[in-house]
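Tertiary structure, described
Listed below, chain by chain, are the residues.
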Amino acid sequence: VQLQASGGGLVQAGGSLRLSCAASERTFSSHVMGWFRQAPGKEREFVAAIGWNVGKTLYRDSVKGRFTIDRDNANNTVSLQMISLKPEDTAVYYCAARDSTSPTVVMSAKYYSLWGQGTLVTVSS
């Protein structure tokens, strides 16, 4: 089972990007999915997560109102729409799947057991 993240790139401050994460197996439609990021020299941090039924989402405070997480269970994909990007959003972004079919949407990385390879987002000032 694999997660493949894509959609990163270089964008100017104020711009937008849409990240996508494709899971190789349909079973992940029953897992909470999350996005994390890691900036150079910093710890990996939670960005957003979504429950299996799309109704429950969580965001870190600094991205609320700018980022939107969504999922398409029919196509086994999770996306992260990012608008009004800031230089401090620069990081490698990772998608991840929860370690069980628990419906609880959580922020802690320790509950996510499968990780994609990461996609680099660079926001220039």
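Okay, so let's go over this structure. Keep in mind the model is a prediction, meaning the values are calculated, not measured.

Here is what the cut-offs are and how they apply
- Residues numbered from 1 in each chain as written.
- Predicted model: local features only at pLDDT ≥ 70, side-chain atom pairs only at ≥ 80, totals over all residues.
- Heavy atoms only, no water.
- Salt bridge = Lys/Arg side-chain N within 4 Å of Asp/Glu carboxyl O.
- Buried < 20%, exposed > 50% of the residue type's maximum accessible area, 1.4 Å probe, protein only.
- Helix = DSSP H or I, 4+ residues; strand = E, 2+ residues; numbered from the N terminus.

**Topic: the pattern of salt bridges**
Where charged atoms from two side chains of opposite charge come close, those side chains can pair. With the rule as written, the count across this model stands at 6 salt bridges. For Arg37, the salt bridge goes to Glu45, with nearest N and O atoms at 2.7 Å. On the basis of relative accessibility, which here comes to 5%, the residue Arg37 falls in the buried class. Classification of Glu45 by relative accessible area gives partly exposed; the value is 27%. In this structure, Asp89 and Arg37 form a salt bridge, with 3.0 Å as the shortest nitrogen-oxygen distance. Separated by 52 residues along the polypeptide, Asp89 in the loop between strand 8 (77-82) and strand 9 (91-98) and Arg37 in strand 4 (residues 33-38) bring together distant segments of the chain. In this pair, the class of Asp89 matches that of Arg37, namely buried. A cluster of three or more residues bridged by salt bridges with shared partners is formed by Arg37, Glu45, Arg60, Arg66 and Asp89.

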